[in-house]
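Observations on chain architecture
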Amino acid sequence: MSSVTRAEVLSLYRRIFRIARSWHAQSTLQHDTDAERRYIVQEAQTLFRQNQQLTEQESIKKCIDECNARIEIGLHYRNPYPRPTYLPPMGLATQKGRKLRGQQKLRKQAKPVYLQSHDET
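Here is a short report on the structure shown in this document. One numbering rule holds for all chains: residues counted from 1, following each sequence as written. Only residues with pLDDT of at least 70 get local features here, since the model is predicted, and only at 80 or more are side-chain atom pairs given and counted; chain-wide, interface and lining totals rely on the full set of residues. The side-chain figures draw on all heavy atoms in the structure; neither hydrogens nor water molecules are used.

All right, on to the nonpolar core then. To qualify as a nonpolar core, a set must consist of buried Ala, Val, Leu, Ile, Met, Phe, Trp, Tyr and Cys residues joined through side-chain atoms within 4.5 Å. Exposed residues in this analysis have more than 50% of their type's maximum accessible area, buried residues have under 20%, and partly exposed residues fall in between, with area computed by a 1.4 Å probe over protein chains only. Listed in full, the 12 residues of the largest apolar core are Val9, Leu12, Ile16, Ile19, Ala20, Trp23, Ile40, Ala44, Ile60, Ile64, Cys67 and Ile71. Within the residue set of this core, elements represented by two or more residues are helix H1 (3-22), helix H2 (30-50) and helix H3 (57-77). Helix numbering and strand numbering both begin at the N terminus, where a helix is a DSSP run of H or I of at least 4 residues and a strand a DSSP run of E of at least 2. In terms of residue count, the dominant contributor to this core is H1 (5 residues).

On to H1, then. Each helix should span, by expectation, one fewer than its residue count multiplied by 1.5 Å. Here H1 spans 29 Å end to end across 20 residues, near enough to the 28 Å set by a 1.5 Å rise per residue. Those residues of H1 that sit buried are Thr5, Val9, Leu12, Ile16, Ile19 and Ala20. Buried residues along H1 cover an arc of 100° about the axis, so they all sit on one side. Across H1 from its buried face, at more than 90 degrees, point the exposed residues Ser3, Val4 and Arg21. Looking at the buried residues of H1, the elements they touch are H2 and H3. To be clear, the arc concerns the directions from the helix axis to the C-beta atoms. Every residue pair with non-hydrogen atoms within 4.5 Å of one another is taken to be in contact.

See the structure below:
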């Protein structure tokens, strides 16, 4: 990992913890705020540790993009939890019909950037 990439990753990590410290839940209830703060910190620790061993610049860049997207979406909607995607089962058409493998491949390709690591945790 280059020094520029390392600095960018550490900057994102610190930014997430600053956001968690100042986070206030939409419901304005203290226990909701505490739960959401814990979630933000635990999710960040889990994902950063999980991706700690990455060495390829392309995969590191994808993780950085996902992190930035999740931060911006969380701040915009005031909701720290990942937004689900709503695709009905077998809802993506393939050229040869609706085969299960084709559906799974299309679902993976249709997954938004902010949910790339959501199923892995």
